[in-house]
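Observations on the model geometry
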There are 2 protein chains.
Amino acid sequence: MTGQVHRVFHALGDPTRQAMVERLSTGPMSVSGLAEPFAMSLAAVLQHLQILEESGLVRTEKLGRVRTCRIEPAGLALAEAWFRERRALWERRLDRLGKLL
Amino acid sequence: MTGQVHRVFHALGDPTRQAMVERLSTGPMSVSGLAEPFAMSLAAVLQHLQILEESGLVRTEKLGRVRTCRIEPAGLALAEAWFRERRALWERRLDRLGKLL
DNA sequence: CCAATACTAAAGCGTTGGCTTTAGTATTGG
DNA sequence: CCAATACTAAAGCCAACGCTTTAGTATTGG
């Protein structure tokens, strides 16, 4: 599952997809509901959605003719952990530097 | 400075740039030092570096003929904060849901 | 001084990304 | 039953990416 963090970052690197994740953070919704604020075709939204799913940030489930999209917290957690690690390394280095002085 | 988070994500969305940031997390280094483990031209590394700088993740400084690259902790912090916010929203929602049951 | 070092700038090239349009399929309210 | 709804699949288009090569400039150890 690790080593795929850059897929998460790549997914969030597009403003539309970032906004979609922000929107889904407030609760699940249908594809057309998710698409509503965006000035683009539904097909385009679906393509973004697919990238979000492949990155592990979003999970979707189809019931009847409606596909419901929701955040996958594990995906967010993976990326958040990466930042914590970088910061830990950085701070550890500053500590060593401090002790040298 | 905010609203630029997707630039940070975009910068980290490339495996080479992600690796560069990981490398710089352990300490500053020159451009050629940074480039050493990568199987690509120095020019390519410079191009990645420029994107990292524009995203605010990395700061560089030239002294003599050597440009030294170091992490900009504020850039990492910005992105980390974004994840914390999403998680906060998500958890707040689960709380409301829990109280309803 | 000058060759080696350490980058830098610019052009070009094939691939991927974000979008569209068109043409579907599956589901359901009335 | 059937028209409207909610997506889905595929093809095509243009811009942005990631890389290369070539040809520089600035700095410095000896």
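Everything numeric here is computed off the predicted structure, so don't read it as measured data.

**Considering the protein's contact with DNA strand C**
- Within the structure, DNA strand C sits among 21 residues, and Ser41(A), Gln47(A), His48(A), Ser32(B) and Arg67(B) are positioned closest to it.
- Within 4 Å of the protein, the contacting atoms of DNA strand C are drawn from sugar and phosphate to the extent of 70%.
- One nitrogen or oxygen atom from the side chain of Arg67(B) is found 2.7 Å from a phosphate oxygen belonging to DNA strand C.
- Of all elements in the fold, only helix H4 (42-55) of chain A together with helix H3 (31-35), helix H4 (42-55) and strand S3 (66-71) of chain B reach the threshold of two or more residues within the surface near DNA strand C.
- The element contributing the most residues to the surface near DNA strand C is H4(A), with five residues.

**Quick notes on the pairing of S3(B)**
Residues and elements named next belong to chain B.
- Where strand S1 (residues 29-30) lies against S3, two bridges are found, and the strand directions are antiparallel. Considered in S3, the bridge of Ser 30 is made with Thr 68.
- Between strand S2 (residues 58-63) and S3, which pair antiparallel and follow one another directly, the connecting turn spans two residues, one of which, Gly 64, has a positive phi of 65 degrees.

**Description of the relation of the copies chain A and chain B**
- Least-squares fitting of chain A to chain B yields an RMSD of 0.0 Å, with the superposition described by an axial translation of 0.0 Å and a rotation of 180 degrees. In the structure described here, the two chain copies are related by an operation that fits a two-fold rotation axis. When C-alpha distances to the rotation axis are compared across chain A, the minimum falls at Phe9(A), with a value of 2.4 Å.
- Looking at chain A, 97% of its interface residues are interface residues in chain B too, so the copies touch through the same face.

**What to know about the protein's contact with DNA strand D**
- Around DNA strand D lies a shell of 20 residues, among which Ser32(A), Arg67(A), Ser41(B), Gln47(B) and His48(B) are the nearest.
- When the atoms of DNA strand D within 4 Å of the protein are sorted by group, sugar and phosphate make up 70%.
- Here a phosphate oxygen of DNA strand D sits 3.4 Å away from a polar atom, N or O, in the side chain of Asp14(B).
- With respect to DNA strand D, the side chain of Arg65(B) contributes an N or O atom lying 3.1 Å from a base oxygen.
- Counting residues per element, the ones that place at least two in the surface near DNA strand D are helix H3 (31-35), H4 and strand S3 (66-71) of chain A together with H4 of chain B.
- The residue inventory of the surface near DNA strand D, partitioned by class, reads seven nonpolar, seven polar and six charged.

**Observations concerning the nonpolar core**
- Counting residues in hydrophobic clusters, the biggest one holds 50 residues, and the most contacted among them are Phe9(A), Leu57(A), Phe83(A), Phe9(B), Leu57(B) and Phe83(B).
- Residues within four places of Phe9(B) in sequence aside, it is in contact with Phe9(A), His10(A), Leu12(A), Gly13(A), Phe83(A), Ala79(B), Trp82(B) and Phe83(B).

**Thoughts on the interface of chain A and chain B**
- The interface of chain A with chain B comprises 29 residues on the first partner and 28 residues on the second.
- Summing the contributions of chain A and of chain B, the shared interface buries around 2700 Å²; its carbon and sulfur component is 69%.
- Between Arg87(B) and Glu80(A) there is a salt bridge; the shortest N-O distance is 2.7 Å.
- Here chain A and chain B share five residue pairs in polar contact (both at pLDDT 80 or more) between them.
- Going through the elements one at a time, helix H1 (5-12), helix H2 (15-25) and helix H5 (73-100) of chain A are the ones with two or more residues in the side of chain A that touches chain B.
- Counting residues per element, the side of chain A that touches chain B draws most heavily on H5(A), which supplies 13 residues.
- Split by residue class, the side of chain A that touches chain B holds 15 nonpolar, seven polar and seven charged.

**Focus on the sheet that holds strand S2 (residues 58-63) of chain A**
All names here are of chain A.
- Taken together, three strands build an open sheet; the order of strands is S1-S3-S2 and the sheet is antiparallel. Of all strands in the sheet, those with a lone pairing partner are strand S1 (29-30) and S2, marking the two edges.
- Strand direction decides the pairing type here: S2 and S3, joined by six bridges, are antiparallel. Following the sheet pairing, Val 58 is matched in S3 by Ile 71.
- On the sheet, H4 packs against S2 and S3 and is oriented at approximately 120 degrees with respect to S2.

**Remarks on H2(A)**
Residue and element names in this part refer to chain A.
- Those residues of H2 that fall on the buried side of the exposure criterion are Thr 16, Arg 17, Gln 18, Met 20, Val 21, Leu 24 and Ser 25.
- Its side-chain oxygen at 2.9 Å from the backbone nitrogen of Thr 16, Asp 14 defines the N-terminal cap of H2.
- Positive backbone phi, at 150 degrees, marks Gly 27, one or two positions downstream of H2.

Conventions we followed
- Residues numbered from 1 in each chain as written.
- Chains lettered and ligands numbered in written order.
- Predicted model: local features only at pLDDT ≥ 70, side-chain atom pairs only at ≥ 80, totals over all residues.
- Heavy atoms only, no water.
- Near = heavy atom within 4 Å.
- Polar contact = N/O pair within 3.5 Å; in protein donor to acceptor, adjacent residues only side chain to side chain.
- Helix = DSSP H or I, 4+ residues; strand = E, 2+ residues; numbered from the N terminus.
- Pairing = 2+ DSSP bridges.
- Least-squares fit on C-alpha atoms with pLDDT ≥ 70 in both.
- Contact = heavy atoms within 4.5 Å.
- Nonpolar A, V, L, I, M, F, W, Y, C, P; charged D, E, K, R; others polar.
- Core = buried A, V, L, I, M, F, W, Y, C linked by side-chain atoms within 4.5 Å.
- Buried < 20%, exposed > 50% of the residue type's maximum accessible area, 1.4 Å probe, protein only.
- Buried area = accessible area lost by both parts, 1.4 Å probe.
- Salt bridge = Lys/Arg side-chain N within 4 Å of Asp/Glu carboxyl O.
- Axes fitted to C-alpha atoms, helices over the stretch in contact; angles between N-to-C directions.

Remember, this is a structural readout, not a statement about activity or role.
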